[in-house]
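# Fold and geometry: a report
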Amino acid sequence: MRNHAILFALIALFAAASTSSAQDVLPPETTHLEVGMMWWQPEPAITIRSGNLSSDVDLVGDLGIEKERFREIRVVVRPALKHKFRFAYIPVRYSQEGQVLNRTIVFRGVTYNLNLPVNTAVNWDFYRFSYEYDFIATRHAIIGVIGDLKYNKLDVQLASPAGSERTEQTVPVPTIGGFARFYLAQYVSVTGEFTGFKFDHNNFNGKFYDFDLYGQLNFNESFAAQGGYRSIKVDYIVDEDDGDLRLKGLYFGGVVRF
């Protein structure tokens, strides 16, 4: 009986939350289109292995890639108060020329010996397609759930006098998580969201975790400055290839709403 009472109370809470209207939320939450541009300079930690005879290759420790600044495009379409369709794209690019190896590595059957200079190029295109449903939408809080597809396209190339090799992988990962935004004042908000998933299917294993915490200063309902901290973790095993990719760090940018 007690469990039934708790269940009915939860249903009543969600039903009450679902009656929110545009008058219950602040002006930044009533627009229908939001476009953001962020600048992110994360700390990379990327290790890959490609081929039967490959060793683990640390792109930072072995090949010397360094922090770079990337742009991220974010688009949010809000057809109704509690429904959002979201898109994001980050082109991650690293390159390093003439890095002298401090140990011998094997990549796709090619041996790169100690003290050999190696050129490295990393192209990682990260796309995000999401749907968000906000079951609570009030003047002080927006809380919802997110379901999305993280689409990763990775291309890593190594070139040296010993030979040139590359590996290309496409890793689509469905994830699910939550979204919470709290207004500290009428035009100041703090937002946190987390999505993730882990799967194991035949020769395709992977996990993806994405954490984003940021604040917004809304100058009015149409313009806002944004700054936050982002952490992305991707692990995959596809046939004879596997990778461990980590990006984390602060970012800043701006948002325009219509």
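Predicted model only: the values in this text are computed from it and were never measured.

Turning our eyes to something else, we now look at the side chain of Arg78. Within the secondary structure layout, Arg78 lies in strand S4 (residues 70–80). We classify Arg78 as buried; its relative accessible area is 4%. A distance of 3.5 Å separates a polar side-chain atom of Arg78 from the backbone oxygen of Glu29.

Here the structure, examined in full by the defined rule, presents 23 salt bridges. For Arg246, the salt bridge identified is with Asp244, shortest N-O distance 2.5 Å. Take Asp244: its relative accessible area is 31%, and that puts it in the partly exposed class. By sharing partners, the salt bridges in this structure join Lys84, Arg86, Arg128, Glu132, Asp134, Asp148, Lys150 and Glu193 into a single network.

The subject of this paragraph is the environment of Val100. Topologically, Val100 is positioned in strand S5 (residues 83–100). Through-space distance from the C-alpha of Val100 to that of Pro117 is 4.3 Å; in sequence the pair is 17 residues apart. Those residues in contact with Val100 that sit more than four places away from it in its chain are Asn115, Leu116 and Pro117.

The next point concerns empty space enclosed by the protein. Here the idea is plain: a probe the size of a water molecule rolls over the atoms and shows the empty space left. Applying the stated criterion across every chain yields a total of two cavities of 30 Å³ or more. There is about 280 Å³ of room inside the largest cavity. Lining the largest cavity we find 25 residues, and of these Glu34, Arg74, Val76, Arg86 and Tyr214 sit closest to its centre. Mapped by element, the contributors of at least two residues to the lining of the largest cavity are strand S1 (33–40), S4, S5, strand S8 (117–137), strand S10 (163–185), strand S12 (204–218) and strand S13 (223–238). In terms of residue count, the dominant contributor to the lining of the largest cavity is S4 (five residues). Of the residues belonging to the lining of the largest cavity, the class tally is nine nonpolar, four polar and 12 charged.

The next thing to look at is a nonpolar patch on the surface. A grouping of Leu184, Val188, Val190, Phe194, Tyr209, Phe211, Leu213, Leu217, Phe219, Phe223, Tyr229 and Leu250 is seen on the molecular surface, where their side chains present a nonpolar patch of about 1,100 Å² in accessible area. Of all elements in the fold, only strand S11 (188–201), S12 and S13 reach the threshold of two or more residues within the nonpolar patch. Ranked by residue count, the leading element in the nonpolar patch is S12, at four residues. Mapped onto the secondary structure, Leu217 falls in strand S12. Residue classification places Leu217 among the partly exposed positions, given a relative accessible area of 41%.

Turning to the pairing of strand S2 (residues 43–50), a few remarks are in order. Side chains of S2 alternate between two faces, with Pro44, Ile46, Ile48 and Ser50 buried and Glu43, Ala45, Thr47 and Arg49 left unburied. Where S2 lies against strand S14 (residues 241–257), eight bridges are found, and the strand directions are antiparallel. Among the inter-strand pairings, Ile46 is bridged to a residue of S14, identified as Leu245. With two bridges joining them, S2 and strand S3 (residues 57–58) adopt antiparallel strand pairing. Bridge pairing in S3 places Thr47 opposite Asp58. Adjacent in sequence and paired antiparallel, S2 and S3 are bridged by six residues, among which Gly51 carries a positive phi angle near 100°.

It is worth spelling out the confidence of the model for the protein at this point. Interpreting fine coordinate detail is not advised for predicted regions of low pLDDT. When pLDDT is averaged along the protein, the result is 90, and 91% of the positions lie at 70 or above. Between the elements of the protein, mean pLDDT differs from a low of 44, seen in helix H1 (residues 2–18), to a high of 98, seen in S1. The low-confidence segment residues 1–19 (pLDDT under 50) makes eight contacts with residues lying over four places distant or belonging to another chain.

Attention now moves to the environment of Asn152. Its location among the elements puts Asn152 in strand S9 (residues 141–160). Its relative accessible area of 3% is what places Asn152 among the buried residues. Between the C-alpha atoms of Asn152 and Gly98, which are 54 residues apart in sequence, the distance is 27 Å. In contact with Asn152, not counting residues within four places along its chain, are Trp124, Asp125, Phe126, Gln169, Thr170, Val171, Val173, Phe208 and Val234.

Cut-off values and rules
Residues numbered from 1 in each chain as written. Predicted model: local features only at pLDDT ≥ 70, side-chain atom pairs only at ≥ 80, totals over all residues. Heavy atoms only, no water. Helix = DSSP H or I, 4+ residues; strand = E, 2+ residues; numbered from the N terminus. Buried < 20%, exposed > 50% of the residue type's maximum accessible area, 1.4 Å probe, protein only. Polar contact = N/O pair within 3.5 Å; in protein donor to acceptor, adjacent residues only side chain to side chain. Salt bridge = Lys/Arg side-chain N within 4 Å of Asp/Glu carboxyl O. Contact = heavy atoms within 4.5 Å. 1 Å grid on protein atoms, 1.4 Å probe; cavity = no way out; pocket = protein on both sides within 12 Å on 5 of 7 lines; lining within 4 Å. Points joined across faces, edges and corners; volume = space filled by probe spheres on them. Nonpolar A, V, L, I, M, F, W, Y, C, P; charged D, E, K, R; others polar. Patch = residues over 30% accessible without salt bridge, like charges linked within 9 Å, V, L, I, M, F, W, Y side chains within 5 Å. Areas by Shrake-Rupley, 256 points an atom, 1.4 Å probe, with all protein chains shown as cover. Pairing = 2+ DSSP bridges. pLDDT = per-residue confidence, 0-100.

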